[in-house]
Structures are given as structure tokens and as C-alpha cells.
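Overview (structure and organization)
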Amino acid sequence: MEPVKTVTGQTKLLGVIGNPIEHSISPELHNTLSAVLENDIIYLPFRVDMNNIGTAIEGLIALGFLGFNVTIPFKEKVLKYLDKISWEAELIGAVNTIKITDCKLYGFNTDAEGFYRSFKRETGTDFKDKCVLVLGAGGAARAISIKVALEGASCVYIVNRSVEKAENICSVINKNINKVAKACGYDCMKGISSLSDVIINTTPLGMYPNTELSPINDSDFFEFFKENQIIVDIIYNPVKSRFLSNGEKLGSKTVNGLGMLFYQGIYAYEIWTGQIIESEVLDEVYNAYLKILENKD
Ligand code: NAP
């Protein structure tokens, strides 16, 4: 499917601001979506210097953009420019999607919902009453831990090299959602691993080009985990990380990061356009999205 080609005075505008921005797949994903849905909308990438973030946002408002995505390093920096923020994004403390209505800015975090939709699609289940173990306590871990707590997880263990960062996320969950979160270092894995229904790697360990790495070494992995646990890695390059490959060897259900990346974009598009995207369209765009990723260097 070829993205929209003809831009006229009627064409509506979307975009993404970040720095760097050259490797973002969002323009291809959103322009493919607009082409499939026959929406006269174009999505453009903008590399913005840190010092110009406020001016850039004012420019997007002045030019009549429907909305825009925000990526690294601006996900927290844009908060002060927003008129309103969703409850989920407020808890996460970061937004990646902004809708502009009547020159007002509304902030959302679609990474969390993207993760959730992907998990449901791949596993056919959700987080209600499940015990979830999250490895890592960075930006992605924060969005995911908060989302699984909001979706009714019975416990959320956050294991991180710097325990203080894990404690910080736990205190947000325990104070605002439910008292289900506990933080610890990797030394407590042995005690908690068997209690968990879902184990999620949010660290970059195993990501290209360091594909030999994993947050849990192989012998510990096979000691700690069992086949009835769901193993998730939000890394999408490679599609099958060492962590996931070990999960497959156990016979566990596994989920990679491709779906999270896809669905965060789908949810953002729904927010901007108000359209709910039907499953046949989703399948068509998902196949196009896999081809886009294959052709990326
Ligand atoms: P981040 O904020 O930098 O957090 C990275 C986390 O990994 C931190 O908790 C860090 O621990 C931990 N970590 C890093 N190196 C480590 C090591 N050698 N040993 C143990 N722990 C280590 O990064 P992020 O934004 O959360 O992203 C993390 C990963 O998720 C990346 O691979 C990214 O590509 C992926 N991601 C995927 C999607 C998707 O749509 N699929 C979306 C977002 C992110 P410390 O706190 O101790 O430093």
C-alpha cells in the first residue's frame, strides 16, 4: 500500500517531534494508515532542538495541525505546555501523543495502551488478577507497570539494577492505583520468579547489535521460569531476543515488542481522528508495517 501522495490545501496535518528523528517509522506507519483509510492526512517528521521545543509547538498550533507525536527526548519536557493530560499519562509522567483542539493541547501516553493491546492480541488474555514481574525501571517500565496495575494486576514486582528507580514507580502505583507494587534488585529474583504469571523485559539488554545479552543469564532463566508463564520482551529488533528465545525453549507463550510499537501508533491515530480502526484494516496495515521494518537499516 502506497502512502498518500497528493497534498492539497485541504490536506490535514500530523507530525512527530524528536531528536534524533531520522529512524522513526511513525511517518511510514501513519501515512500508510491514512492511505488505507483514504483519509486526506499527511504525517511529517520534525527534528527539533531542545531550545526550540516551545516555539515548535506554537508553530504546530499556528499551522493548524490536528496533533502530533512526541518522542525522545521530549516526552517529559512537553508536559508544561499542555492544557490537559489524561489520567494515565499523568501517572506515567510522560506523553507521546498530543491532540490539538481549538488551539488547546491534550496529552496522552499511547505506549501503555499499545503494550496492553499487543499483549491481549498475542495472548488472548489480560492482566486482571495476574502477578506481573517487570525487569527494568526506565521510561517503558514505568508506562507498562502503571498500565498493568490499572488493568487489575494482583501484584507488580519491579526488578531493577538501581532499586531506587523501581521504588519510585512502585510508590506511584501504591499511592494512586492499588497497593500491589514491590521493588527489588536482581538478587530477589529467585524468591519472586515462581510467583509471577507474566515476566516482561523492559531493559535494552539483547537489543541489536548486542543480541547475545539478556537481563537474566541462561542458567538462571531455566531455573527461575516455567512453561506456564508468559514471557514478554518489548525489544523488537531482533524480533526474537535471547530472552524470548529462552522462553520458547521452555515452551512458554512469548510476546515481542513489535505489537507495542504498532498499537501505540494505532491508538494515537484514533485519538487524532476519532476513528476506530477495524480489524481487517489493522491486519492490512500490520502487514505493511512489518515490511517497513524489514526494509529499515
Ligand atoms: P530507559 O529509560 O533508558 O531504561 C532502561 C532500563 O534498563 C533501566 O531501568 C536500566 O537500569 C536498565 N538497564 C540498562 N542497561 C542495563 C544493564 N546493563 N543491566 C541491567 N539493567 C540495565 O529505556 P526505555 O525507554 O525504558 O527503553 C527500554 C527498552 O525498551 C529499549 O530497548 C527500547 O527500545 C524498548 N522500547 C520498546 C518500545 C516498543 O514499542 N516496543 C517502546 C519503548 C521502549 P538502571 O535504572 O539501573 O540504569
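Shown above is the structure to which this text applies.
Side note on helix 6 (residues 163-176)
With 14 residues, helix 6 should reach 20 Å at 1.5 Å per residue; the first-to-last C-alpha distance of 20 Å fits that figure. Among the residues making up helix 6, those that are buried are A166, I169, C170, V172 and I173. One side of helix 6 holds all its buried residues, which, seen down the axis, span an arc of 155 degrees. Those residues of helix 6 that are exposed and aimed more than 90 degrees away from the buried face are E164 and K175. Lining the buried residues of helix 6 we find helix 3 (87-92), helix 5 (139-150), strand 8 (155-159) and strand 9 (181-184).

A word on the state of the cysteines
Counted by the stated rule, this structure contains 2 disulfides. Between the sulfur atoms of C131 and its disulfide partner C155 the distance amounts to 1.9 Å. On the sign convention where negative means left-handed, the S-S torsion of about -100 degrees between C131 and C155 marks this disulfide as left-handed. Of the two residues, C131 is situated in strand 7 (residues 131-135) and C155 in strand 8; the sequence distance between them amounts to 24 residues. Judged by its relative accessible area of 6%, C131 falls in the buried class.

A closer look at the site of the ligand
Close to the ligand lie 19 residues; A137, A140, N160, S162 and K165 are nearest. Measuring from an oxygen atom of the ligand, one finds a backbone N or O atom of A140 at 2.8 Å. At 2.9 Å, a side-chain N or O of R161 approaches an oxygen atom of the ligand. Counting only elements with at least two residues in the shell around the ligand, the list comes to helix 5 and helix 10 (258-273). Broken down by class, the residue content of the shell around the ligand amounts to 9 nonpolar, 8 polar and 2 charged.

Quick word on the sheet that holds strand 12 (residues 254-255)
Each strand in a sheet pairs with another by means of backbone hydrogen bonds, the pair being arranged parallel or else antiparallel. Strand order in the open sheet formed by 6 strands is 9-8-7-10-11-12, and the pairing between neighbours is parallel. Every interior strand has two partners, whereas the edge strands, strand 9 and strand 12, have only one. Inspection of the sheet shows strand 11 (residues 230-233) paired to strand 12 by 2 bridges, in the parallel sense. Counterpart to V232 in the pairing with strand 12 is V255.

Looking at the pairing of strand 6 (residues 104-108)
Residues L105 and G107 of strand 6 are buried on one face, while the alternating residues K104, Y106 and F108, pointing to the opposite face, are not. Bridge count between strand 4 (residues 84-85) and strand 6: 2 bridges; the pairing is parallel. Bridge assignment links K84 to a residue of strand 6, and that residue is Y106. Taken together, the 5 bridges between strand 5 (residues 97-101) and strand 6 define a ladder with antiparallel strand orientation. Within strand 6, the residue paired with I98 across the bridge is G107. Counting the residues between successive antiparallel strands, the hairpin from strand 5 to strand 6 contains 2 residues, one of them, D102, with a positive phi of roughly 50 degrees.

As for the packing of helix 1 (residues 26-37) against helix 10
Relative orientation of the contacting elements helix 1 and helix 10 amounts to 55 degrees, with a least axis distance of 10 Å. The angle between helix 1 and helix 10 places the two elements in the oblique class. In the packing of helix 1 onto helix 10, the handedness of the crossing is right-handed. Between helix 1 and helix 10, the residues in contact are L29, H30, L33, S34 and L37 and F262, G265, I266, Y269 and W272, respectively. In terms of residue class, the contact of helix 1 with helix 10 is made up of 7 nonpolar, 3 polar and no charged.

What counts, and at which threshold
- Residues numbered from 1 in each chain as written.
- Predicted model: local features only at pLDDT ≥ 70, side-chain atom pairs only at ≥ 80, totals over all residues.
- Heavy atoms only, no water.
- Helix = DSSP H or I, 4+ residues; strand = E, 2+ residues; numbered from the N terminus.
- Expected span 1.5 Å × (residues − 1).
- Buried < 20%, exposed > 50% of the residue type's maximum accessible area, 1.4 Å probe, protein only.
- Arc of directions from axis to C-beta.
- Contact = heavy atoms within 4.5 Å.
- Disulfide = S-S within 2.5 Å.
- Near = heavy atom within 4 Å.
- Polar contact = N/O pair within 3.5 Å; in protein donor to acceptor, adjacent residues only side chain to side chain.
- Nonpolar A, V, L, I, M, F, W, Y, C, P; charged D, E, K, R; others polar.
- Pairing = 2+ DSSP bridges.
- Axes fitted to C-alpha atoms, helices over the stretch in contact; angles between N-to-C directions.
- Parallel < 35°, antiparallel > 145°, perpendicular 65-115°, else oblique.
- Left-handed = near helix turned anticlockwise from the far one by under 90°.

On their own, these measurements won't tell you what the molecule is for.
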